[in-house]
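Given next are the chains, with one letter for each unit.
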Amino acid sequence: MCAETYKTPQPDEYLFQLKQAVEIMQLGLTISDLDGRIVYANFADAAMHGYQQDELIGKNVGIYAPPELRKPPTLDQLKQWKGLIRESVNLRKDGTVFPVWLMSEIVKNSDGEPCAIVTSCEDITERKQSAETLRRQAKLLRGAAEAMNCLLANMDFQTAISEALGKLGLAADMDRVYLFENHVETDSGRILMSQRYEWVSAAVSPQIENLDLQNVPYESACPRWYALLSQNLPVRGVVRDFPAKERETLEAQGIRSLLVVPIMIRDEFWGFIGFDSCQSEREWRDEEEAILLAVAGSIGDALARKQAEEELRIQREAKILAEAASESKSEFLRNMSHELRTPLNGILGYTQILKADATLSDQQRNAIEIIHRSGEHLLLMINEILDLSKIESREMSLEPCDFKLPDMLAMLVDMMRIRAEQKGLEFVAQIDHTLPAIVYGDEKRLRQILLNLLGNAVKFTDHGKVAFHVNRTAQGQYPICKVQFSIEDTGIGIAPEHLEHIFSAFYQVHDARRSNEGTGLGLAISQRLAGMMGTELHAESLVGKGSRFWFEIDLPASQLLLLQTENRLEDQRIIGFNAPTSFTILIADDNQTNRSLLRDVLSPLGFKIVEAENGAETISKMRAHAPDLLLLDLVMPVFDGLEATRQIRQMPEFQQTPIIAISASVSTQRQQECFEVGCWAFLPKPFSIQTLLELLRTYLPLEWRYASEEECDQQEPLDRLPAREELHALYQLALGGQLTRLRKRLQEIQTSDSRITPFAQKICQYLQEFQVKKIQACIREYMEDSHE
Ligand code: ADP
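- For the protein chain, the name recorded in an unreviewed UniProt entry is histidine kinase, with Vecturithrix granuli as its organism.
- Recorded in UniProt for the protein chain, the comment headed Catalytic activity (unreviewed entry) runs: "ATP + protein L-histidine = ADP + protein N-phospho-L-histidine."

**A word on the nonpolar core**
Phase 1 of the analysis: In terms of nonpolar packing, the biggest core is built from 51 residues, with Leu602, Phe607, Leu631 and Trp704 touching the most fellow members.
Phase 2 of the analysis: In this structure, this core is formed jointly by two domains, domain 4 (590-709) and domain 5 (716-785), each of which donates at least three residues.
Phase 3 of the analysis: Excluding residues within four positions of it along the chain, Leu602 makes contact with Ile585, Phe607, Ile609, Leu631, Leu692, Leu693 and Leu696.

**Quick look at the packing of helix H10 (residues 286-355) against helix H17 (residues 592-602)**
Phase 1 of the analysis: Running from N to C, H10 and H17 cross one another at 30°; their axes reach a closest spacing of 9 Å. Judged by the inter-axis angle, H10 sits roughly parallel to H17. Crossing handedness for the pair H10 and H17: left-handed. Facing Thr342, Asn345, Gly346, Gly349, Tyr350 and Ile353 of H10, the residues of H17 in contact are Thr593, Asn594, Ser596, Leu597 and Asp600.

**Digging into the packing of H17 against helix H21 (residues 689-699)**
Phase 1 of the analysis: Between H17 and H21, the shortest axis-to-axis distance is 12 Å and the interhelical angle comes to 65°. As far as their axial angle goes, H21 and H17 are roughly perpendicular. At the point where H17 passes H21, the crossing takes the right-handed sense. Between H17, through Leu598, Val601 and Leu602, and H21, the contact on the second element is made entirely by Ile689, Leu692, Leu693 and Leu696.

**Section: the side chain of Asp442**
Phase 1 of the analysis: The topology assignment puts Asp442 in the loop between strand S14 (438-441) and helix H13 (443-459).
Phase 2 of the analysis: In this structure, Asp442 is buried with no salt-bridge partner, the nearest side chain bearing the opposite charge being Arg445 at 4.6 Å.
Phase 3 of the analysis: Here the side chain of Asp442 touches Lys444 through a polar contact of 3.2 Å, landing on its backbone nitrogen.

**A closer look at a nonpolar patch on the surface**
Phase 1 of the analysis: Side chains of Tyr14, Leu15 and Leu18 sit close together on the surface and give an oily, nonpolar patch of about 320 Å² of accessible area.
Phase 2 of the analysis: Structurally, the position occupied by Leu15 is in helix H1 (residues 11-24).
Phase 3 of the analysis: Accessibility expressed as a relative area gives 57% for Leu15, which makes it exposed.

**Overview of the pattern of salt bridges**
Phase 1 of the analysis: For the structure shown, the criterion picks out 32 salt bridges.
Phase 2 of the analysis: Between Glu289 and Arg236 there is a salt bridge, with its nearest N and O atoms 2.4 Å apart. With Glu289 in helix H10 and Arg236 in strand S9 (residues 235-238), this residue pair connects regions lying 53 residues apart in the sequence.
Phase 3 of the analysis: Look at Arg236 and you get partly exposed, because its relative accessible area is 33%.
Phase 4 of the analysis: When salt bridges with common partners are traced through the structure, they connect Arg595, Arg599, Glu611 and Glu613 into a single cluster.

Cut-off values and rules
Residues numbered from 1 in each chain as written. Predicted model: local features only at pLDDT ≥ 70, side-chain atom pairs only at ≥ 80, totals over all residues. Heavy atoms only, no water. UniProt positions renumbered as here; feature names shortened; annotations may be inferred. Core = buried A, V, L, I, M, F, W, Y, C linked by side-chain atoms within 4.5 Å. Buried < 20%, exposed > 50% of the residue type's maximum accessible area, 1.4 Å probe, protein only. Domains from an automatic or database assignment. Contact = heavy atoms within 4.5 Å. Axes fitted to C-alpha atoms, helices over the stretch in contact; angles between N-to-C directions. Helix = DSSP H or I, 4+ residues; strand = E, 2+ residues; numbered from the N terminus. Parallel < 35°, antiparallel > 145°, perpendicular 65-115°, else oblique. Left-handed = near helix turned anticlockwise from the far one by under 90°. Lys, Arg positive; Asp, Glu negative; His and termini not counted. Salt bridge = Lys/Arg side-chain N within 4 Å of Asp/Glu carboxyl O. Polar contact = N/O pair within 3.5 Å; in protein donor to acceptor, adjacent residues only side chain to side chain. Patch = residues over 30% accessible without salt bridge, like charges linked within 9 Å, V, L, I, M, F, W, Y side chains within 5 Å. Areas by Shrake-Rupley, 256 points an atom, 1.4 Å probe, with all protein chains shown as cover.

Spelled out as structure tokens, the structure:
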């Protein structure tokens, strides 16, 4: 718009427009004279203070001010006055007050003299409220941050949650903040809530001891709360507006308004956190609710973490307990196996001797055979249980070394072929000839697996064949050689529902007749051993058709050459030894049966036997007899075999005396201890006589003499025979199979009359061969001779 076209309104018109503008202004405006009388108040000003405009004319502006602020300025002050801008509080007609922003100015007349005061007044209630809200929110946020910090800090949960509730209570200006946890009533399945933690301000009394706040069922106390909270929605408001039933409970606790927000753990409604205001009816804003929901989320996280830690702790404790239990189980099994092995040693030893007695009736022989087989079955079971427990308690480790794979397989094949053929089965063995001659692995454990699988194949097959295939698979790269072992039979097979369980311990599918021969542990042990070797056994089977078990294993080819395997004792009967001198053997064992067994085995061969029953006696007998070899039981009274060995090795004269430890304990640690104190060999009980003799040949300068047919039949001329009655008594002992007494009697006669030595030796020889029938025949013959 250009200056030429602008037309200034006439003064009257101008005044009219100005007045209208002032009238419709949002801002309140009053004009008062110098005495403070209101001359004019615009509409907004009158409305703001609750008056009609004309009501105000002539009233003193002091009516706007609460009494304490009513101090009208003096004239002098007004003359000096440069105007005023300030925040104040004004009074409405109804007596209520509200915050205002005031600006006053002096109005001057045409002479420049002050003649009136004009005041603009703005109602700043809303502005003040939002500032207050912002302040409250900031405080709450700070409190929330501090609370979360407590929950994250590395303190125990109880302390963390108590501190967090306190921080929130102070930040939210609350009187009480608390945490309720949900739980299910066992009998009814109802969901209950119980107060767990609480913080209260100084103004109210705590409710944590209030039993009415424990085990409260939602469904009867406040179903509305459950409906909201379980949907992750808060309950909030002024108690006065709540349903009557809720109001009753809440007012009883002095609560005037509250906010309750749910705590969810992994999307499950765990409980809630509540904020009570007891002194005023606090209106909660959405923003505050959002902040507290976030805090509740953090509390949920902290609780979840606490639960996880608790579970971890329980798991850790359970693990420690399980380890302790497993340790005591292993200990128990070790002891039990030791206790059982000792008597088994006697049983199996004597059945070995008795089996050779030619005078036994078929029934007796049968009975001895049963005792022997039962003993062996028991021994197998003990060994298997011990193996399994060792694997489970991780005590067993593989002991790999170089071994001749083809030799091991050939031995297995020979053994299994005989067993299969005895059952009328065909045994097919197909062994890859490209397998390396020497491989590195645990020969003993591999053989154990194969023996179990092949043994089962023969055991569970009545017709047809058992096939054993050993093949190199294509994948293996030299020097690693991947070998697949497969054992297939045409036996009774295993139904699918059993097949999945057969590798579990003590699982037996088939009838008692067959199961009697096994323990149900073989496959479980084999599978675990295979696991230790980094492989797995597989099985497939068809009922009535047969089964196949197979596994693949890495057997690295060895570059080392193996020592020649020692010559084993030929399977011939030993009847004595050739040596430049005789040998004395000290048998140290507290168990009479064990000593007798050893003596019965060794003295007929020509060894002089000395016995000791405990550690102390062992030392004194060593001194007295200076034996050539000591057979030493480890567990003995006074002091044990280990201590005895220690003492013996300190004596210069016995530095080079062979000591063979015999023990029912088969732990490797025990064996290690034996070697450390100075034993040269370890013979586990029950021992095989063959192994014992093999050890004697190793440590004593002797050669065994074997029985030959001619030797057995050859009648040697005798110098002298015992008296007839003596012969008769001996014959009775031989008939009754009382071999120990027979031997003892012979020794006694021999001591009293050395001329009968050739006769005694002859009988002893038969005794050694367990040829009881021959002994009987021989004595009978002499009896007849002595008759003549
Ligand atoms: P056991 O000492 O009883 O043989 P194992 O653990 O070796 O124990 O075998 C468990 C069970 O699996 C056996 O009792 C038998 O029922 C079944 N089983 C194992 N091998 C065969 C097989 N080749 N044919 C049929 N059944 C078998």
